[in-house]
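Below, each chain spelled out in residue letters.
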Amino acid sequence: MVSDRYANLFSLGGKVVLTAGGSGAIGSELAAAVAAYGAKVAIASRSETVSSEVSARLVAAGGEAIGISIDVTDAASVQEGVSAVEERLGPVDVLINAAGTHIEQPAEQVTLEAWDTVLDVNLRGAFILSQAVARSMIACNRGGSLIHVTSVRSGLGIRRGYAAYCASKGGLAVLIKQLATEWATYGIRVNGIAPTFTRTPLVKEYLSDPEFYGALVNRIPLGRVCETADLAGIAIFLASDASAFITGQNILVDGGVTATQ
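Procedures and definitions
Sequence order sets the numbering: in each chain, residues are counted from 1 along the sequence as written. This being a predicted model, a pLDDT of at least 70 is required before a residue's local features are given, and a value of 80 or more before pairs of side-chain atoms are given or counted; all residues contribute to the totals for chains, interfaces and linings. The side-chain quantities take in all heavy atoms of the structure and omit both hydrogens and water. We count a stretch as a helix when DSSP gives it H or I for four or more residues in a row; a strand needs E for two or more, and each element gets its number in order from the N terminus. Based on C-alpha atoms, the radius of gyration is set beside the globule rule, defined as 2.2 Å times the residue count to the power 0.38. Buried, partly exposed and exposed residues are distinguished by accessible area as a fraction of the type maximum, computed with a 1.4 Å probe on protein chains only: under 20%, between the cut-offs, and over 50%, respectively. Residue contacts follow a heavy-atom distance rule, with two residues in contact if any of their heavy atoms lie within 4.5 Å. Using the Shrake-Rupley algorithm and a 1.4 Å probe, accessible areas are obtained, with residue cover drawn only from the displayed protein chains. This count recognises Lys and Arg as positive and Asp and Glu as negative, with His and chain-terminal groups excluded. Charge coordinates come from a single atom per side chain, which is NZ of Lys, CZ of Arg, CG of Asp or CD of Glu. A strand pair is defined by DSSP finding two or more bridges across the two strands. Every angle, taken between N-to-C directions, lies between 0 and 180 degrees, and every axis is a line fitted to C-alpha atoms, over only the stretch in contact when it is a helix.

Participant: What should I look at first to understand the overall build of the protein in this one?
Facilitator: Summing up its helical and strand segments, the protein has nine helices and seven strands in all. On C-alpha atoms alone, the protein measures out to a radius of gyration of 18 Å, which is about the 18 Å that the 2.2 N^0.38 rule sets for 261 residues. Out of the 261 residues in the protein, the part that is buried amounts to 49%. Taking contacts inside the protein between residues at least 6 apart in sequence as the whole, the part at least 24 apart equals 71%. Working note: accessible area of the protein is about 12,200 Å², and carbon and sulfur atoms make up 52% of it. For the protein, the centre of its 19 positive side-chain charges and the centre of its 24 negative side-chain charges are spaced 5 Å apart.

Given below as structure tokens:
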């Protein structure tokens, strides 16, 4: 007979998960995954209408979910969002940050406007979210798990105009280590999920280019790009007690591509 200790290792029953960027392809996939394991989920995006549409699908599938509006680059907006989740679902146990953006420009042509936009969402926003949720966890004297979607480009360059994107994700990878180090004393774990090119609307144009796609897949030992479903298991793992002794890590979900570089 399987011990309950292990049978319930991945259970998220009763946990409250705030998913920023929860209406996007990756965010909505991860939200559905943790909801399937019993979590109460708050879907957060710029549009409460869109967030509510995603949360309604989770409710229709038997889960408990709400939709809220958050601008991750605005500290007041994020704090209001965290407070709204606490009022409606309870204290946040897990943050999944899937909010992100990308503007491709050759490095010599990158505008400061584009640079600021990418860094504001991908790095500044990640810190604002982390700080707001951690403050709540500390005030409630309860630990938790902060999970950020990063990228293999947090540690690798690419022969395209990714200067702002790589800088933002590289900064986030180090920020994860720093926050994990500082907040471990409060029982707060901080980790990253670093996929390779993932099939989402953000990279649809790239993956539709046969030459680019062929070269990309040829470099990935498992012979395909990442699908959003490939990220679900690691999100459940990092949100659950199964990863209770893991913090400060940026876990690669890349089909082996970084093993060759």
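Participant: Where do I start with the sheet that holds strand E3 (residues 64-69) in this structure?
Facilitator: Sheet strands pair by backbone hydrogen bonding; their relative direction is either parallel or antiparallel. In spatial order, the strands read E3-E2-E1-E4-E5-E6-E7; together these seven strands make up an open sheet with parallel pairing. Since the sheet does not close on itself, it has two edges, and those belong to E3 and strand E7 (250-253), each with one partner. Strand after strand, the sheet turns through a mean of 20° between neighbouring axes, direction not considered. Bridging between strand E1 (residues 16-20) and strand E4 (residues 94-97) involves four bridges; their strand directions are parallel. In the strand pairing of E4, Leu18 is matched with Leu95.

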